[in-house]
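Structural features, examined
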Amino acid sequence: MQKFDVSILGFGTVGAGVYKILTGNHDDIAHREDLDLRIRKILVRDFEHEPNLGLADMSYFTTDFSEIVSDPDTRIIVECIGGVEPARTYILKALDAGKTVVTSNKEVISKHWPEFEAAAKNTGAGLYMEATVGGGIPILKTIIDSMQANNIERIMGIINGTTNYILTNMAESGVSFSEALSQAQKLGYAEANPTADIEGFDATYKLSILSSMSFHAHMPVDVIYREGITRLSSEDFDFAKKLGYEIKLLAIGKKNGNNIEVRVHPTMLPKTHPLAAVRGVFNAIFVTGHAVGDIMLYGQGAGQMPTASAVVSDVIYACHSDGHHKYMTFRNEEKMTDEVNLVENFRCRYCIRVNVVDEPGTMAAISEVFAKHNVSLKDVLQLGAPDNGVSSRITFMTHEANEFDIRSALSDIGKLTCVHAIESMIRAEA
Ligand code: NDP
Ligand code: HSE
């Protein structure tokens, strides 16, 4: 049986979960995988403030990274510190020393992946990141190891649990965004500083990794169109319900030849779509391959044990691949390759709600602007505003239209004298 010593950087939620699985499941893993996985060292920031110290013998702990990177027995380093520094420096030093790195840190991977990949190839070390996307859901291995026969045409996912919890709560309990956010914070789903989740940054980090692997081209995080959920209101959910839709923060990637679009934004989905049924903190990723068709993976996108499950799976995979680690199928360079044509003027459907003067000619004036910008209307719903008899709200669901045409149409509609305000614009997918 092969013995592998594993050291862990960061002993918070995920790091402690990895320790629990590697120690608690040691014998089962040894029996099934023929691997003797041993914890060697655990890096903590300081001994005073580390709440998980009681889990392991004190002899494991160190506050000195050099002790780990220079340790000849440590072959695999699991990074669960999070953020960019010092995680980036530690990962690079580990790879330079020929040690395989397994990480759950989507931010550092999405921002520094090319330099990590180059360092790994240089020393023959492995670089594994299953837990960075979808927590415990084995989506990356599914794409890399089980969908190689396919040209992946589309990925659509709910890949942030905090925002899905907030949106589910707004849809089902009718609460405002700020109420739903504060409930998510009380339950420990959202961080004290929730910006990365609610503004969509976390989902863009994950989409950068997911789309790069799916489309075999590095899709840097800064090419992804991003819109968070902070502007959604209770009215948006009322109207979505009336039209038969759910609203989800979706990460979307589509590929057609060399044309690739990547975007994260609130999205209306028909209630019948499988992703519309994903509630609370759960994640799900819907993938379309040219040969396999549609598949969907569903599960816990965060949490100690689901995330540690993905990390330990990578550790086992890395042990079996020792000396023959697989690298990305594409040239992993900082900038997007010239061979990809980034589609910014993407096409989808749009749900637009306008507050208007309730008088003859209003509908005609707005329809004329849509027509001028090649936007065709699918459904129209007009409801008088509850406050008075002179204004009204009209919700338009368009057929597929170009993003840039919609932006120009909305700019012109906003200038019409019969329009009080464009209250919302939410993209829709089928
Ligand atoms: P935690 O904050 O719970 O744990 C991070 C740990 O790293 C803390 O104990 C922290 O100590 C420690 N740390 C910080 N700086 C250093 C340092 N310089 N040296 C040693 N230790 C340090 O985070 P999580 O475990 O939740 O997340 C870890 C990573 O996994 C992140 O990248 C996160 O995005 C990712 N992830 C997390 C998921 C989850 O459900 N929690 C799901 C999927 C991915 P201190 O408290 O003293 O700062
Ligand atoms: N903040 C992330 C989420 C944690 O809510 O999904 C898991 O990556």
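Residues numbered from 1 in each chain as written. Chains lettered and ligands numbered in written order. Predicted model: local features only at pLDDT ≥ 70, side-chain atom pairs only at ≥ 80, totals over all residues. Heavy atoms only, no water.

**Re helix 8 (residues 177-186)**
Residues that lie three or four places apart on an α-helix share one face, since the helix turns once every 3.6 residues. This is how it is decided: Only protein chains enter the accessibility calculation, which uses a 1.4 Å probe. A residue is then buried if its area is under 20% of the maximum for its type, exposed if over 50%, and partly exposed in between. We count a stretch as a helix when DSSP gives it H or I for four or more residues in a row; a strand needs E for two or more, and each element gets its number in order from the N terminus. Here the arc refers to the directions that run from the helix axis out to each C-beta atom. The contact definition used throughout considers only heavy atoms, calling two residues in contact when any of these lie within 4.5 Å.
Taken as a whole, helix 8 has its buried residues at Phe177, Ala180, Leu181 and Ala184. Around the axis of helix 8, the buried residues are gathered within 100° of arc, so they sit on the same side. Within helix 8, the exposed residues directed more than 90 degrees away from the buried face are Ser178 and Lys186. Looking at the buried positions of helix 8, the neighbouring elements they touch are helix 7 (161-173) and helix 9 (195-198). Phi turns positive, to about 80°, at glycine 188, one or two residues after helix 8.

**Focus: the pairing of strand 2 (residues 35-43)**
Our working rule: Two strands form a pair only when DSSP identifies at least two bridges running between them.
With seven of nine residues buried, strand 2 is to be regarded as a mostly interior element. Here seven bridges tie strand 1 (residues 2-9) to strand 2, and the two strands are oriented parallel to one another. Note that in strand 2 the partner of phenylalanine 4 across the bridge is leucine 37. Here strand 2 pairs with strand 3 (residues 61-62) via two bridges, running parallel. Bridging from a neighbouring strand, isoleucine 42 pairs with phenylalanine 61 of strand 3.

**Observations concerning the environment of tyrosine 90**
Structurally, the position occupied by tyrosine 90 is in helix 4 (residues 87-96). Sequence separation between tyrosine 90 and isoleucine 77 is 13 residues, and the spatial gap between their C-alpha atoms is 9.5 Å. With residues near it in sequence (within four places) discarded, tyrosine 90 still touches Leu9, Leu43, Phe65 and Ile81.

**Considering the packing of helix 6 (residues 139-146) against helix 10 (residues 201-215)**
Convention followed: Interaxial angles span 0 to 180 degrees and are taken between N-to-C directions of axes, which are lines fitted to C-alpha atoms, for helices over the stretch in contact. An angle below 35 degrees is treated as roughly parallel, one above 145 as roughly antiparallel, one from 65 to 115 as roughly perpendicular, and anything else as oblique. Any residue outside Ala, Val, Leu, Ile, Met, Phe, Trp, Tyr, Cys, Pro, Asp, Glu, Lys and Arg is labelled polar, Gly included; the first ten of those are nonpolar and the last four are charged.
Axis separation between helix 6 and helix 10 bottoms out at 10 Å; the angle between their running directions is 10°. The angle between helix 6 and helix 10 falls in the class roughly parallel. Only Ile209, Leu210, Met213 and Ser214 of helix 10 make contact with helix 6, whose side of the interface consists of Ile139, Leu140, Ile143 and Ile144. The residue inventory of the contact of helix 6 with helix 10, partitioned by class, reads seven nonpolar, one polar and no charged.

**Digging into the side chain of serine 212**
Cut-off, in case you're wondering: Whenever two N or O atoms come within 3.5 Å, that pair is a polar contact, provided that in protein one can donate a hydrogen and the other can accept it, and provided that, for residues adjacent in sequence, both atoms are side-chain atoms.
Looking at the secondary structure, you find serine 212 in helix 10. From its side chain, serine 212 meets the backbone nitrogen of methionine 219 in a polar contact 2.9 Å long. When sequence neighbours within four positions are dropped, the list of residues in contact with serine 212 reads Trp113, Leu207, Ala217, His218, Met219 and Phe330.

**Observations regarding the site of ligand 2**
Where we set the bar: Here a residue is considered near a molecule or strand provided that any single heavy atom belonging to it is located within 4 Å of it. Residue exposure ignores everything except the shown protein chains as possible cover, and the areas themselves are Shrake-Rupley values with a 1.4 Å probe.
The environment of ligand 2 is formed by Lys106, Asn160, Gly161, Thr162, Asp197, Asp202, Lys206, Gly301 and Ala302. The contact in question runs from an oxygen atom of ligand 2 to an N or O atom on the backbone of glycine 161, over 2.8 Å. Between lysine 206 and ligand 2, the recorded distance is 2.8 Å, taken from a side-chain N or O atom to an oxygen atom. Across the complex, the protein chains shield 82% of the 260 Å² of accessible surface that ligand 2 would expose by itself. Those elements giving two or more residues to the shell around ligand 2 turn out to be helix 7 and helix 10.

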